[in-house]
Structures are given as structure tokens and as C-alpha cells.
Amino acid sequence: LRYSPENFRVNANVGQALMGKERYLEALPYLKKAIELRPQTVEAHYNLACCLAGMGDLKGAREELLTAKKLKSKLPEVKRLVDEALKEIDQALGE
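What you see is a predicted model, and the numbers here were worked out from it, not measured in a lab.

Cut-off values and rules
Residues numbered from 1 in each chain as written. Predicted model: local features only at pLDDT ≥ 70, side-chain atom pairs only at ≥ 80, totals over all residues. Heavy atoms only, no water. Helix = DSSP H or I, 4+ residues; strand = E, 2+ residues; numbered from the N terminus. Rg over C-alpha atoms; globule rule 2.2 N^0.38 Å. Contact = heavy atoms within 4.5 Å. Areas by Shrake-Rupley, 256 points an atom, 1.4 Å probe, with all protein chains shown as cover. Lys, Arg positive; Asp, Glu negative; His and termini not counted. Charge placed at Lys NZ, Arg CZ, Asp CG, Glu CD. Expected span 1.5 Å × (residues − 1). Buried < 20%, exposed > 50% of the residue type's maximum accessible area, 1.4 Å probe, protein only. Core = buried A, V, L, I, M, F, W, Y, C linked by side-chain atoms within 4.5 Å. Axes fitted to C-alpha atoms, helices over the stretch in contact; angles between N-to-C directions. Parallel < 35°, antiparallel > 145°, perpendicular 65-115°, else oblique. Left-handed = near helix turned anticlockwise from the far one by under 90°. Nonpolar A, V, L, I, M, F, W, Y, C, P; charged D, E, K, R; others polar. Disulfide = S-S within 2.5 Å.

Draft legend 1. Expanded view of the overall build of the chain. Each helix and strand counted, the chain has five helices and zero strands in total. Ordered by position in the sequence, the α and β elements of the chain form the string α-α-α-α-α. A compact globule built from 95 residues should have a C-alpha radius of gyration of about 12 Å, and the chain, at 13 Å, falls within 12% of that. Overall, the C-alpha framework of the chain stretches about 45 × 30 × 20 Å when taken along its three principal axes. At a minimum sequence separation of 6, the contacts of the chain that also span at least 24 residues come to 50%. Looking at the chain as shown, the accessible area adds up to about 6100 Å², and 53% of this sits on carbon and sulfur atoms. Measuring between centres, the 16 positive side-chain charges of the chain sit 5 Å from its 14 negative side-chain charges.

Below is the structure:
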């Protein structure tokens, strides 16, 4: 990260690693930077949604999932994950 602070993959990986340790607040700026660098990446929006959900921000997570859904991943597994997460968030929000 020190040598490539503007690298999408580096920021995404650091964010994911921190999320894996449930360090959501620390992960947030890296995940947001990844989206800033590649806003059309479905997986980046999905990861940010997971982070926000982990922090208890279900409305923010839902917004990111809707963005991910609009971007339409070419990978069926990613599409399924986004759809499942959106369904869970909607249930939790009572929508």
C-alpha cells in the first residue's frame, strides 16, 4: 500500500483483510478508495455493502447493493451474492 496507494487491487485487498478481522471502521476508507479508483466494479460495491452492514448501516449497505445490481456482474456467483445480500438487508429493514 505504501508503494501503490492508488492501486485498486491493493486497496480492495486491504479492505477485505480488515473486514475479515471485523475491523470495519478501519476497512471503510480502503473499500471507498477502491470504488473511487474503479467505480464500475460490482465486487467493490458488494464489499463496501458488507462492511457497512457489519457496522450496522443497513441503509447504506442497501444503497451499495443496489448500485452493484445495476452494474450487472458477468459472474453468476457475484450476481447471486448481491441478490441474496439485498434480500437479507430488505428483510432486516422490513422492506
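Draft legend 2. Structural view of helix 2 (residues 24-37). Taking 1.5 Å as the rise per residue, helix 2 with 14 residues should run 20 Å; its terminal C-alpha atoms sit 20 Å apart, in good agreement. When we look at burial in helix 2, the residues that qualify are Ala-27, Leu-28, Leu-31, Lys-33, Ala-34 and Ile-35.

Draft legend 3. Representation of the nonpolar core within the structure. Grouped together as the largest cluster of nonpolar side chains are 24 residues, with contacts concentrated most on Ala-27, Leu-31, Leu-48, Cys-51, Leu-65 and Val-82. In terms of residues, this core owes the most to one element, helix 3 (residues 42-54), which gives seven residues. Excluding residues that lie within four positions of it along the chain, Val-82 makes contacts with Val-42, Tyr-46, Leu-65, Ala-68 and Lys-69.

Draft legend 4. Structural detail: the packing of helix 3 against helix 4 (residues 58-71). It is at 8 Å that the axes of helix 3 and helix 4 come closest, and there the two elements cross at 165 degrees. Viewed along their axes, helix 3 and helix 4 adopt a mutual orientation that is roughly antiparallel. Pair helix 3 / helix 4 crosses with left-handed handedness. For the pair helix 3 and helix 4, the contacting residues are Val-42, His-45, Tyr-46, Leu-48, Ala-49, Leu-52 and Ala-53 in the first and Leu-58, Gly-60, Ala-61, Glu-64, Leu-65, Thr-67, Ala-68 and Leu-71 in the second. Here the residues of the contact of helix 3 with helix 4 are counted per class, giving 11 nonpolar, three polar and one charged.

Draft legend 5. Quick peek at the state of the cysteines. Applying the stated criterion to the full structure yields zero disulfides. No disulfide involves Cys-50; its sulfur sits 8.7 Å from that of Cys-51, the nearest cysteine. You can call Cys-50 partly exposed: its relative accessible area is 29%. Judged by relative accessible area, Cys-51 falls into the buried class, the value being 0%.

The values are spatial; any link to function lies outside them.
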